[in-house]
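Here is what each chain is made of, one letter per residue.
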Amino acid sequence: MTLPSHVQTIIVGGGIAGCSVAYHLAKLGRTDVLLLEQGKLTSGTTWHAAGLVGQMRPNRNMTQMSRYGIELYATLEAETGLATGWKQCGSVNVAKTPERMKVLRKQLAMARSFGVECHEISPAEAGDKYPVMRTDDLQGALWLPGDGKANPADLCMSLAKGARNRGVKIMEGVEVTGVIVEKGRAVGVRTAQGEIRCETLVNCGGQWARQFGALAGVNVPLYSAEHFYIVTGKIPGVHPMLPVMRDPDGFIYYKEEVGGLVMGGFEPNAKPWKMDPIPSTFQFELLGEDWDQFEILMTAAMHRTPCLETAEIKMLLNGPESFTPDGNFILGESPELRNYFVCAGFNSAGIANSGGAGRLMAEWIVGGEPSTDLWDVDIRRFGSFTGNRKALAERTGETLGLHYAMRWPRQELETARPLRTSPLYDVLAAKGAEFGSKNGWERASYFRPADRPRPEYTLDTPGWLPWMVEEQKATREAVALYDQTSFSKLLLQGRDALAVLQRLCANEMDVPVGKMVYTAMLNERGGFESDLTVMRQAADRFLIVTGSGQATRDFDWIHRHIGEDERAVLTDVSALYCVLSVMGPKARELLARVSPDDLSPEALKFSWTKEIDLGLARVRAARMSYVGGPGFELYVPVEMTRHVYLALQEAGKDLGLRDAGYYALDALRIEQGRRAWGAELGPDETPWEAGLAFSIKLDKPADFIGRAALLATQGQPLRKKLVTLVFTSGRPFAWGGEAILLEGEPAGEISSAGYSPLAGACVALGYLRGPGANLPHAGTRAQVQLWGELVDVALHDRWPAPAPATGRRP
């Protein structure tokens, strides 16, 4: 086949991800597609994948994606005539420890909320479904009858045939050696056989995706690790419809294959494959056996399935697969290069996820934006620093093992840290700060007394709660100091800066200099692309303050909407300024001791800013409080931050000034009903549903993205509604993600939860779906499914008082 000179879309990579994207583009009518594979289809990692296909994912959208994949796999053979090996054999997930059983019961509640058939079964019932399994030490199990398995190579070939049948061209043995870039856009590729021009380029390069991305300056942060499984001979009692079985406490999984078992797993300390770059000639190849590395999995497997002690072991397969820094895969248009899309980094779950991911990718390419909220897998969640290969290798050794390891609430990843730190990092660490990480930033979570060790992770009431409550009390009764340096800060300036913001923002942005505006940026569906705060510093200069994790995403969204003929320049100035938040009723008194400027409500109104003297420094003070109540945010040049902090600490000794961390801040904002992007707000939530109509100005002179969608849905019944949940007992401790039940039926999920001293119990935010979304709530009785137990809560539309419910991601 001769290379064409031009096609509409080029896909690089012929594994299951690339073939799925090609198939779904063709289904949407985009058939001028060329898929290029450097070797043969499936020759990278697809051919040796285990082929487990499950439905459940951490959230509703990802679960819907996986369920679509199963529907596709079940019907593809009938469409294409090529077998896929799909068998809906179900899956059994077992729990050895009480803690794991609690986690499984939470998954059960979420499955029911998401519409996935799932049942809790006893150890004996699990043994009936999986007769070769030892069950005497199990707590229980989950049975998901809709799960199954497939033959990865056959499935990939069936997708490829479905794509070809609709007009897609597939060429094997063509290595792409470069990307043609013009005016910030990908417009073609270079190969040994010549150049091909295109309008859209899709990187489906699997474990080559990072090094292929680097050819065009696109960051695709993934790294390969050695991944193992054994294949046995035939075993009595093993049959083709034997369920998939997962024993996460043993770090292992099983599936049937030709009357025997495939058993693999995710060992706690994984082995990164330090081959960089990976040769393009690594096709249908495996790495050497490593029984020492596999020993922990083999030991667990012989305990769980004693038949392995005598079974024939045909091979120990060691096939490298790629993993990402957070364990989620990577989708979307790259922020570095227009028309360059990525679909890669599936963390050993490409077979289960590629069917749905291919459709989502195709919808994004054809529609111009995602069809649903994909933030968990959006490539824009990663900053450019995440491409560091040393950090990727270290993190991969950790994230592979976390697939089946017990994941505790608020558990922090430990490798490749610390990296991004405030000037106060060492000072706060010396004062007992325990840090969490957000987009590489080290942020104080809470402060522990010098004589107390860091508490162990738990599913129950955490050991740090009393210390956090003291930080909350200081915020409400005296004054607390929060280091919020990790805020993302973007400077938009130029003649047309205001016009750009008016088009992007749903609030009125033409405000006086010094005014601070809380606003949404919406997509065409009326959903939140971001929520942020904008300070007007001059007629043509605006400082945009957004969440710590949103710098790349928001920069990309704003930058891509600046017209070619508009004069506006966007600059990320996050590293130039620290943010110190002085919160509490004594905040103004504290600042009066270190600043001669008038900070009274008359001189500096709420949501206004001005530059002030503070100690020896000049800072910008904003009367603003994400936690509710009185407070100020201080925007301090980074080189002056240490001085300002020490001046505040010295002046506040007798005022009860206390350092406070993000756990307190998060719990207090939940108590006050402040929304957070990525929790309560996202591309699928509208201002009507989130209760943020006050921040939308439909009648402002300038039109804005999402306005038409808001007008169309204004006054219509809601799909869902955000409510506050107040727990009626102080004993249960909720973490977020729990299912909400109204009259015993699933009605939604908790998005955020925290302890409230005001309530003397946990308070949460969550969305009600269905009929409850269109009813008033002022104490409505409901229940939450907390680790398998039903806990009583009261639902409120507004709690504790009808204050403006502003948001901003911390």
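Summarised in this report is the structure supplied together with it.

**Let's talk about the nonpolar core**
In this structure, Tyr130, Tyr254, Leu261, Met263, Phe294 and Leu308 are the most contacted members of the largest nonpolar core, which totals 48 residues. Of all the elements in the fold, those that place two or more residues in this core are strand E4 (91-95), strand E6 (140-144), strand E14 (228-232), strand E15 (244-247), strand E16 (252-257), strand E17 (260-265), helix H7 (291-304) and strand E18 (313-318). In this view, Phe294 contacts Phe228, Tyr229, Ile230, Met263 and Leu316; residues no more than four positions away in its chain are not counted.

**As for the packing of helix H1 (residues 16-27) against helix H8 (residues 350-367)**
Running from N to C, H1 and H8 point in directions that differ by 45°, and their axes come no closer than 8 Å. With respect to H8, the element H1 is oriented oblique. Crossing angle aside, the handedness with which H1 passes H8 is right-handed. Where H1 approaches H8, its residues Ile16, Ala17, Ser20, Val21, His24 and Leu25 are matched on the opposing element by Gly350, Ile351, Ser354, Gly355, Gly358, Arg359, Met361, Ala362, Ile365 and Val366.

**Observations concerning the sheet that holds strand E21 (residues 340-344)**
The 6 strands are arranged E8-E2-E1-E12-E21-E20 in an open sheet whose pairing can be described as mixed. Strands at the two margins of the open sheet, each flanked by one partner only, are strand E8 (169-172) and strand E20 (330-333). Within the sheet, the average angular offset between the axes of one strand and its neighbour, ignoring direction, is 15°. Direction of pairing for strand E2 (residues 33-37) relative to E8: parallel, over a ladder of 4 bridges. Paired with Glu37 across the two strands is Glu172, which belongs to E8. On the sheet, H1 packs against strand E1 (9-12), E2, strand E12 (200-203) and E21 and is oriented at approximately 160° with respect to E1.

**Brief notes about helix H12 (residues 497-504)**
Side chains that are three or four residues apart share a direction in an α-helix, a result of its 3.6 residues per turn. With 6 of its 8 residues buried, H12 lies for the most part within the structure. Those residues of H12 not exposed but buried are Ala497, Leu498, Val500, Leu501, Gln502 and Leu504. Buried residues along H12 sit in contact with strand E25 (488-493), strand E26 (516-522), strand E27 (528-538), strand E28 (541-546) and helix H13 (551-560).

**A look at the environment of Tyr635**
In this fold, Tyr635 is placed in strand E33 (residues 631-637). Under the relative-accessibility criterion, Tyr635 is labelled buried at 4%. Taking the C-alpha atoms as reference points, Tyr635 and Asp426, 209 residues apart in sequence, are found 20 Å from one another. Among the polar contacts made by the side chain of Tyr635, one reaches the side chain of Glu633 at a distance of 2.8 Å.

Rules of the game
All residue numbers here refer to positions counted from 1 along the written sequence of the relevant chain. Restriction of local features to residues with pLDDT of at least 70 applies here, the model being predicted, together with a cutoff of 80 or more for giving and counting side-chain atom pairs; totals for whole chains, interfaces and linings are based on all residues. Side-chain measures here rest on the full set of heavy atoms in the structure, leaving out hydrogens and waters. Note on terminology: a nonpolar core comprises buried Ala, Val, Leu, Ile, Met, Phe, Trp, Tyr and Cys residues joined through side-chain atoms within 4.5 Å. Each residue is assigned to one of three classes by its accessible area relative to the maximum for its type, calculated with a 1.4 Å probe on protein chains only: buried under 20%, partly exposed between the two thresholds, exposed over 50%. Labels follow the DSSP assignment, with helices taken as runs of H or I lasting at least four residues and strands as runs of E lasting at least two, numbered in each case from the N terminus. Two residues qualify as a contact provided that any one of their heavy atoms is within 4.5 Å of a heavy atom in the partner residue. Think of each axis as a best-fit line through the C-alpha atoms, taken over the contacting stretch in the case of a helix, with angles from 0 to 180 degrees between the N-to-C directions. Any angle from 65 to 115 degrees is called roughly perpendicular, while one under 35 is roughly parallel, one over 145 is roughly antiparallel, and all others are oblique. In this scheme the crossing of two helices becomes right-handed for a clockwise turn of the near helix relative to the far one and left-handed for an anticlockwise turn of less than a right angle. The pairing criterion is simple: DSSP has to find at least two bridges between the two strands. By the criterion applied in these results, polar contacts are pairs of N or O atoms within 3.5 Å in which, for protein atoms, one can donate a hydrogen and the other can accept it, and in which residues neighboring in sequence qualify only through two side-chain atoms.

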